[in-house]
Amino acid sequence: MIPLTTERLRLRAFAPGDLEFVRRLHANPDLVRFIPSATTPDEATARRRLGRFMSLVDHPVQGFSLIELRDGGGGGGRTAPGTAVGLVLVKPIPSSDGAEASVLEIGWRQVAEHCGHGYVTEAARAVLDAVHAAGVEQVVAVTDPENLASQRVAERIGMERLGLSRDFYGARLVLFRSFDAGRGAGWLPAGWELLDVGEYAFPGPSRDRLVAAVLAGGKRTTTALLAEYEAGSELLPAPGRRELVVDSAGTPVCVTEDVAVDVIRLGEVTLEHAVAEGEGHTDLVGWRTAHERFWTGPDYRGWFTVRGTEPPDVDDDTLVVCTRFEVVARRPGREGGR
């Protein structure tokens, strides 16, 4: 997601402490009326939503931005600075025919008590401008035909009304579009904005060291716990899948394509795979020790906890996803990790 500041608002990433806000946000009766699937009846559901909202934090354009007030506002200024009032989302929109997503959508949700102050319009306009500035040419929005308030937001942020459509979500919706072909995305391939983000470790020295190894050609494999995909409700990688690899600053540095994927027991990982991870390990003992340190560390275990899932035990029988990949595009000037 793209952190932003406007005249009245701050748009930031969701954090573990935002659970109660997620519940308040989804208690808005208008939201539930127009998007019944947004019903959030209990804490477990709220935790799953929060995990989803946190999942795209490192993507350069996709993401869920929490809208909070900078200096207070609404109600004659009685709302405290830092109050969370809504969200703006940018993500691939599912096609009605089940085909792979071909365009990003922008959407918004607002806490009921903070409606009527223009917060969502102000935030959505800033996000849409930032996404176009990043080089994304086309963004769409869809609303229920009876959701006139949401339609007014789309129009106020400059989107073109295209009329009724059944192209998305398997439903009859009002379709809006924003198009800006003048900025371009430089070295990035067509459709880059729809790619999943490739994240190695957590932001910081470890991630930047691994990204440098990818760019230098020393890293061509990676290993993840199967439980991570299950907790995040993510599809498993498959040959041909591409990822947009980012560094600790969230800057895209290359695009990788998976060439082989195997789900095996941790005890079955081969020395060849371990060496190809490019982390300097020459035997399985060192590779295993380093990976177990990461998988049992507080950051990794906390990732599961936020999503309402128990962190997995790690032993020989733990299932892991072993992926081999190649670099198919890279940012100019980043050859060899420089």
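Every residue gets a number counted from 1 within its own chain, in the order that chain's sequence is written. With the structure being a predicted model, the display of local features is reserved for residues of pLDDT at least 70 and the display and counting of side-chain atom pairs for 80 or more, all residues being used for whole-chain, interface and lining totals. Just so you know, side-chain values use all the structure's heavy atoms and leave hydrogens and water out.

**A closer look at the overall build of the protein chain**
Each helix corresponds to a stretch of at least 4 residues labelled H or I by DSSP, and each strand to a stretch of at least 2 residues labelled E; elements are numbered beginning at the N terminus. Of the regular secondary structure elements, the protein chain holds 10 helices and 13 strands. Computed over the C-alpha atoms, the radius of gyration of the protein chain is 21 Å, within 12% of the 20 Å expected from 2.2 N^0.38 for a compact globule of 338 residues. Its C-alpha atoms give the protein chain principal-axis dimensions of about 65 × 45 × 40 Å. Scored against the burial criterion, the 338 residues of the protein chain give a buried share of 48%. Charge convention: Lys and Arg are scored as positive, Asp and Glu as negative, and His as well as the terminal groups of each chain are ignored. Taken as the charge location is NZ of Lys, CZ of Arg, CG of Asp or CD of Glu. Side-chain charges of the protein chain comprise 38 positive and 48 negative groups, with the mean position of each set lying 6 Å from the other. For the radius of gyration, the atoms used are the C-alpha atoms, and the globule rule reads 2.2 Å times the number of residues raised to 0.38. For each residue, the accessible area found with a 1.4 Å probe, counting protein chains only, is set against the maximum for its type, and the residue is called buried under 20%, exposed over 50%, and partly exposed in between.

**A few points about the pattern of salt bridges**
The term salt bridge refers to a side-chain nitrogen of Lys or Arg lying within 4 Å of a carboxyl oxygen of Asp or Glu. With the rule as written, the count across this model stands at 19 salt bridges. Lysine 219 is the salt-bridge partner of glutamate 279, the closest N and O atoms lying 3.7 Å from each other. Of this pair, glutamate 279 sits in the loop between helix 8 (271–276) and helix 9 (284–295) while lysine 219 sits in the loop between helix 6 (205–216) and strand 10 (221–225), placing them 60 residues apart in sequence. The residue aspartate 317 makes a salt bridge to arginine 265 at a minimum N-O spacing of 2.8 Å. With aspartate 317 in the loop between helix 10 (298–306) and strand 13 (319–330) and arginine 265 in strand 12 (residues 252–265), this pair connects stretches of sequence that are 52 residues apart.

**Concerning the side chain of serine 165**
Summarising the element assignment, serine 165 is placed in strand 7 (residues 160–165). At a separation of 3.0 Å, a polar atom in the side chain of serine 165 contacts the main-chain amide nitrogen of aspartate 167. Here, two residues are considered to be in contact whenever any of their heavy atoms come within 4.5 Å of each other. With near-sequence residues (within four places) excluded, serine 165 lies in contact with Ala171, Arg172, Leu173 and Leu175. Here a polar contact is taken to be a pair of N or O atoms separated by no more than 3.5 Å, where protein atoms must pair a possible hydrogen donor with a possible acceptor and residues adjacent in sequence count only if both atoms sit in side chains.

**As for the nonpolar core**
In this description, a nonpolar core means a group of buried Ala, Val, Leu, Ile, Met, Phe, Trp, Tyr and Cys residues linked to one another through side-chain atoms lying within 4.5 Å. The biggest cluster of nonpolar side chains holds 38 residues, and the ones touching the most others in it are Ile67, Ile106, Trp108, Val127 and Met159. Only strand 2 (9–13), strand 3 (63–69), strand 4 (84–92), strand 5 (104–110), helix 4 (119–133), strand 6 (138–143), helix 5 (148–156) and strand 8 (173–179) provide two or more residues apiece to this core. Sorting elements by how many residues they give to this core places helix 4 first, with 9 residues. The next biggest cluster of nonpolar side chains, apart from the first, holds 17 residues, and it includes Phe53, Met54, Leu87 and Val111.

**Quick look at the confidence of the model for the protein chain**
With 96% of its residues at a pLDDT of 70 or more, the protein chain shows a mean pLDDT of 92. Summary of the metric used: pLDDT quantifies the predictor's per-residue confidence within the range 0 to 100. By mean pLDDT, helix 10 is the weakest element of the protein chain at 89, and strand 6 is the strongest at 98.

**Digging into a nonpolar patch on the surface**
Where nonpolar side chains cluster on the molecular surface, the patch consists of Leu236, Val263 and Leu319 and spans about 230 Å² of accessible area. Inspection of the secondary structure assignment puts valine 263 in strand 12. A residue is classified by how much of its surface remains accessible, and valine 263, at 40% relative accessible area, is partly exposed. Candidates for patches are residues over 30% relative accessible area with no salt bridge; among them, like charges are joined within 9 Å and nonpolar side chains (Val, Leu, Ile, Met, Phe, Trp, Tyr) within 5 Å. Note on areas: Shrake-Rupley with a 1.4 Å probe; residue coverage comes only from the protein chains shown.

**Describing unusual backbone geometry**
Peptide bonds are mostly trans, and most non-glycine residues show a negative phi. Unusually for a residue other than glycine, tyrosine 169 sits at a positive phi of about 60 degrees. According to the relative accessible area criterion, tyrosine 169 is partly exposed, its value standing at 40%. The backbone of alanine 201 shows a phi angle near 55 degrees, a positive value even though the residue is not glycine. Within the secondary structure, alanine 201 is located in the loop between strand 9 (196–198) and helix 6.

**Overview of the pairing of strand 5**
With 7 of 7 residues buried, strand 5 lies mostly within the body of the structure. With burial as the criterion, each face of strand 5 is covered, one bearing Leu104, Ile106, Trp108 and Gln110 and the other bearing Glu105, Gly107 and Arg109. Two strands pair if DSSP finds at least two bridges between them. Examined bridge by bridge, strand 4 and strand 5 share 7 bridges and lie antiparallel to one another. Bridging across to strand 5, lysine 91 finds its partner in glutamate 105. In terms of strand pairing, strand 5 meets strand 6 through 2 bridges, oriented parallel. Along strand 6, the bridge assignment pairs glutamate 105 with valine 140. The handedness rule is simple: strands pointing away from the viewer, and a clockwise path from the first strand over the helix to the second, make the crossover right-handed. This β-α-β element, strand 5 to helix 4 to strand 6, shows right-handed connectivity.

**A short note on the packing of aromatic side chains**
Side-chain rings of Phe, Tyr and Trp, where Trp is taken by its six-membered ring, are said to pair if the distance between their centres is within 6.5 Å; with planes under 30 degrees apart they count as stacked, over 60 as edge-to-face, and otherwise as tilted. Evaluated as defined, the whole model comprises 8 aromatic pairs. Geometrically, the ring pair formed by tyrosine 300 and phenylalanine 304 is edge-to-face, given 5.2 Å between the ring centres and 70 degrees between the ring planes. You can see tyrosine 300 and its partner phenylalanine 304 sitting in helix 10, 4 residues apart, about one turn around the helix. Overall, phenylalanine 304 belongs to the buried group, its relative accessible area being 0%. Seen from their ring centres, tryptophan 303 and phenylalanine 304 are 5.1 Å apart, and the 80 degrees between their planes marks the pair as edge-to-face.

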